Amino acid sequence: ATQSTVSSGINAEYGEFQTFQHYFKRINLSMGDSLTFNIDNGYFDGLVRGYRSGILKRNDYHNLVECETLEDLKLHLQGTDYGPLLSNDPSPLMVQTIDERLKERLVHEFTHIRNQCTAPLSEFLDYITYGYMIDNIILLITGTLRNRPIAELLPRCHPLGKFDELATISIAQSPAELFNAVMVDTPLAPFFKECVQDENDLDEMNIEILRNKLYKTYLEDFYAFCKDLGGTTAEVMCPILAFEADRRAITITINSFRTDLLKDDIENLYPTCGTLYPEGLKFLKNAEDREEVRRILERYGAYKDLHAGVGDGPNDKTLEDRFFEEEVKMLCLAFMNSFHLGVFFAFVKLKEQENRNIVWIAECNAQKNKSKVDNYIPIF
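Below or above, wherever it landed, is the structure these notes cover. (Residues numbered from 1 in each chain as written. Predicted model: local features only at pLDDT ≥ 70, side-chain atom pairs only at ≥ 80, totals over all residues. Heavy atoms only, no water.)

## As for the overall build of the chain
(1) Moving on: Helix and strand counts for the chain stand at 16 helices and zero strands.
(2) Moving on: Considering the chain as a whole, with its 380 residues, one finds that 48% of them fall into the buried category.
(3) Moving on: Sequence separation of at least 24 residues holds for 64% of the intrachain contacts in the chain that already meet a minimum separation of 6.
(4) Moving on: Surface exposure of the chain reaches about 19,500 Å², of which carbon and sulfur atoms provide 51%. (Helix = DSSP H or I, 4+ residues; strand = E, 2+ residues; numbered from the N terminus. Buried < 20%, exposed > 50% of the residue type's maximum accessible area, 1.4 Å probe, protein only. Contact = heavy atoms within 4.5 Å. Areas by Shrake-Rupley, 256 points an atom, 1.4 Å probe, with all protein chains shown as cover.)

If you want it as structure tokens, here you go:
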């Protein structure tokens, strides 16, 4: 009886200790304090901020646009943080090769952190990869719909969105088989279960609807995860994800023009974690043209000047360019705060934008089209 009493007392004290430890960690995370943040994440935070310092500056872009050939571009990149990234690639250098090497570099840096970190950072990094996984799965479903072999499509998948089960679902021979495999055997299964779809009714329109449903569920889940973490992570990440939700809502609205989608069906595709929710989304679903979308956005301070400089002229910007510019500003600001997980998201997205910039300049160079070579999005 005495041993039982002592054992019960020890178990009770241990249970109270675990409860206190969990509570303290949650309180600490929500306060954004450095007491425990640096214990688990200090090394990775310093590492990603070091990676950030290697992002190309305006002078680097000025030198890149002055390059006459891809070999000149390769030579200049050797003088930046990229170093000998392209040194093992023989001449003549191809734009596709540059794109592949840039993605490999990003994946290497991302994976180095992901393989060593612990929760909640590991979960946070997993959420970053889910967006790329969605694009990869939609690419595979669309490709099989067009009778393209999976083996031919897999190399086109973004490396950040690849996962172990991706190879096992390559045996699918039809969109329906692929859809069912994804619902069971992939990290995206929870999102697919929220997006009930008849696998026998997968045409190109329904696949695009499926993509938007998946992104809606994914963004809302990621937003809730960051909000639950609280502290500086929530302060930094929630506005960034809200911006992404609004961008998707605006894009869905514009792409829905001249389609047969019902207004209510369009509204069901909108993520509900943006600043436009709920009134702005109700206005958007009833918009009939781009001009009406512009008038709706002018009612919101964050998007009042979104259409500035947007037009169809040779020197005008696209709406997508303006979204990228605003996104880059928010991502750069993420590095102004300390002790939060948002810097990891910001780094990945800024590097992705840098990769787009370099590939754009390389493509203009390869096609001898210098008139548009300055149409990149500067970062720092």
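There is more to say after this.
## Focus: the pattern of salt bridges
(1) Moving on: Across all of its chains, the model carries 27 salt bridges by this definition.
(2) Moving on: A salt bridge links E354 to K351, with the nearest nitrogen and oxygen atoms 2.9 Å apart. Taken together, the residues E354 and K351, both in helix 16 (residues 342–366) and three residues apart, mark about one turn of the helix. (Salt bridge = Lys/Arg side-chain N within 4 Å of Asp/Glu carboxyl O.)

## So, the environment of L56
(1) Moving on: Turning to its location among the elements, L56 is positioned in the loop between helix 2 (34–53) and helix 3 (58–65).
(2) Moving on: Through-space distance from the C-alpha of L56 to that of T80 is 7.5 Å; in sequence the pair is 24 residues apart.
(3) Moving on: Leaving out residues up to four positions away in the same chain, L56 has contacts with Y61, L64, L77, T80, Y82, E354, I358 and F380.

## Points about the packing of helix 15 (residues 319–333) against helix 16
(1) Moving on: For the pair helix 15 and helix 16, the least separation of the axes is 9 Å and the interaxial angle reads 140 degrees. When the interaxial angle is binned, helix 15 and helix 16 end up oblique. In this structure, helix 15 crosses over helix 16, and the sense of that crossing is left-handed. Between helix 15 and helix 16, the residues in contact are F324, V328, L331 and C332 and F345, A346, K349, L350, Q353 and R356, respectively.
(2) Moving on: The residue makeup of the contact of helix 15 with helix 16, split by class, is seven nonpolar, one polar and two charged. (Axes fitted to C-alpha atoms, helices over the stretch in contact; angles between N-to-C directions. Parallel < 35°, antiparallel > 145°, perpendicular 65-115°, else oblique. Left-handed = near helix turned anticlockwise from the far one by under 90°. Nonpolar A, V, L, I, M, F, W, Y, C, P; charged D, E, K, R; others polar.)

## Some thoughts on helix 11 (residues 231–256)
(1) Moving on: If you check helix 11, its first and last C-alpha atoms are 37 Å apart, about what 26 residues at 1.5 Å a residue would give, namely 38 Å.
(2) Moving on: Of all 26 residues in helix 11, 22 are buried, a share of seventy percent or more. (Expected span 1.5 Å × (residues − 1).)

## Quick look at the nonpolar core
(1) Moving on: F124, F222 and F344 are the most contacted members of the largest nonpolar core, which totals 92 residues.
(2) Moving on: Among the elements that line this core, the one with the most residues is helix 6 (residues 121–145), at 13 residues.
(3) Moving on: For F124, the residues in contact, after removing those within four places along its chain, are F222, F225, C226, M237, L341, G342, F344 and F345.
(4) Moving on: I252, F257, L284 and V293 belong to the second-largest nonpolar core, a separate cluster that totals 22 residues. (Core = buried A, V, L, I, M, F, W, Y, C linked by side-chain atoms within 4.5 Å.)

## Section: the environment of D264
(1) Moving on: Within the secondary structure layout, D264 lies in helix 12 (residues 263–267).
(2) Moving on: With 22 residues separating them in the primary sequence, D264 and N286 have C-alpha atoms 9.3 Å apart.

## Quick word on the packing of helix 6 against helix 16
The angle between the axes and the distance between the axes are what describe a pair of packed helices.
(1) Moving on: For the pair helix 6 and helix 16, the least separation of the axes is 10 Å and the interaxial angle reads 30 degrees. Overall, the two elements helix 6 and helix 16 adopt an arrangement that is roughly parallel. The handedness of the crossing between helix 6 and helix 16 comes out as right-handed. Together, L121, F124, L125, I128 and Y132 of helix 6 and G342, F344, F345, V348, K349 and E352 of helix 16 make up the contact between the two elements.

## Some thoughts on the environment of R356
(1) Moving on: Residue position: R356 is located in helix 16.
(2) Moving on: Along the chain, R356 and D99 lie 257 residues apart, while their C-alpha atoms are 8.3 Å from each other.

## Some words on the packing of aromatic side chains
(1) Moving on: A complete count under the given rule lists 15 aromatic pairs for this structure.
(2) Moving on: Here the aromatic rings of Y43 and F44 are separated by 5.2 Å at their centres, their planes lie at 65 degrees, and the arrangement is edge-to-face.
(3) Moving on: Given a relative accessible area of 48%, Y43 falls into the partly exposed group.
(4) Moving on: With relative accessibility at 6%, the residue F44 sits in the buried group.
(5) Moving on: A network of ring pairs unites the aromatic residues F124, Y127, Y130, F191, Y215, Y218, F222, F225 and F345 as a single cluster.
(6) Moving on: Here the guanidinium or amino end of R299 rests over the ring plane of F283, the centre of that ring lying 4.5 Å away. (Phe/Tyr/Trp six-rings, centres within 6.5 Å; stacked < 30°, edge-to-face > 60°. Lys NZ or Arg CZ within 6 Å of the ring centre and 35° of its normal.)

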